[in-house]
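# Fold and contact review
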Amino acid sequence: SGLKEFYPPQADAIDKGALEGKNLLLSVPTAAGKTLIAELCMIKALVENRGRCLYIVPLKAMASEKYEDFKERYGSLGVKVGFATGDLDSDDKYLNRYHILIATAEKVDSLLRAKSAWLINSLGVVVLDEIHFINDNSRGPTLEILTTRIRQLNPSAQILGLSATVQNAEELAGWLKAELVKSTWRPIPLKEGVYYNELIR
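Structure report, in brief. (Residues numbered from 1 in each chain as written. Predicted model: local features only at pLDDT ≥ 70, side-chain atom pairs only at ≥ 80, totals over all residues. Heavy atoms only, no water.)

### So, the side chain of aspartate 109
By the element assignment, aspartate 109 lies in helix α4 (residues 105–113). Judged by its relative accessible area of 11%, aspartate 109 is buried. Among the polar contacts made by the side chain of aspartate 109, one reaches the side chain of arginine 113 at a distance of 2.9 Å. Residue contacts for aspartate 109: discarding those within four places in its chain leaves Thr142, Leu146 and Arg149. (Helix = DSSP H or I, 4+ residues; strand = E, 2+ residues; numbered from the N terminus. Buried < 20%, exposed > 50% of the residue type's maximum accessible area, 1.4 Å probe, protein only. Polar contact = N/O pair within 3.5 Å; in protein donor to acceptor, adjacent residues only side chain to side chain. Contact = heavy atoms within 4.5 Å.)

### Remarks on the side chain of aspartate 129
Take aspartate 129: it is sitting in strand β5 (residues 123–129). Buried within the structure, aspartate 129 lacks any salt-bridge partner; its nearest side chain of opposite charge belongs to lysine 66, at an N-O separation of 4.1 Å. Among the polar contacts made by the side chain of aspartate 129, one reaches the side chain of tyrosine 55 at a distance of 2.7 Å. With near-sequence residues (within four places) excluded, aspartate 129 lies in contact with Tyr55, Ile56, Val57, Pro58, Met62, Lys66 and Leu162. (Lys, Arg positive; Asp, Glu negative; His and termini not counted. Salt bridge = Lys/Arg side-chain N within 4 Å of Asp/Glu carboxyl O.)

Okay, here's the thing in structure tokens:
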């Protein structure tokens, strides 16, 4: 990808064991490199044959976006990327062919309820993107329950929580038994101003 060095939060994540299978919660601003750390952990797990990777997102649009991105980036390496949405209870065994499965929390919940042993037993890395949705009134309980069940059913799977806006990072990291990577560093500084008459003041 032409990257020469890690951003400071990424270097912190590496130092805290991201590539050694440690659970991590990354509370880092947008565009500061959270997804790259998740990708490195997933690819390392696949190279070492430590099982499939599950990338959980809160929205179907995000699932589609990540699917296209990962497929373009890793398809040429022989990595099979799939995505699944919907909440119909089915074990969907055809999903077993994918190395990286991108899915909504509702879909993963339905797979677990369908007792999809092919999924849970083979997990190497689980990424919880936008983990702050755990506080959402409608989607939060599903995400919390499926995270708990994954940790119970496969405690060896590496859990990575990603968020730019989580408020209780220390508490959430403790719940996940994860190292916390917390940073306010941004690649592009934010500026505040008022836009008026085609100028920002």
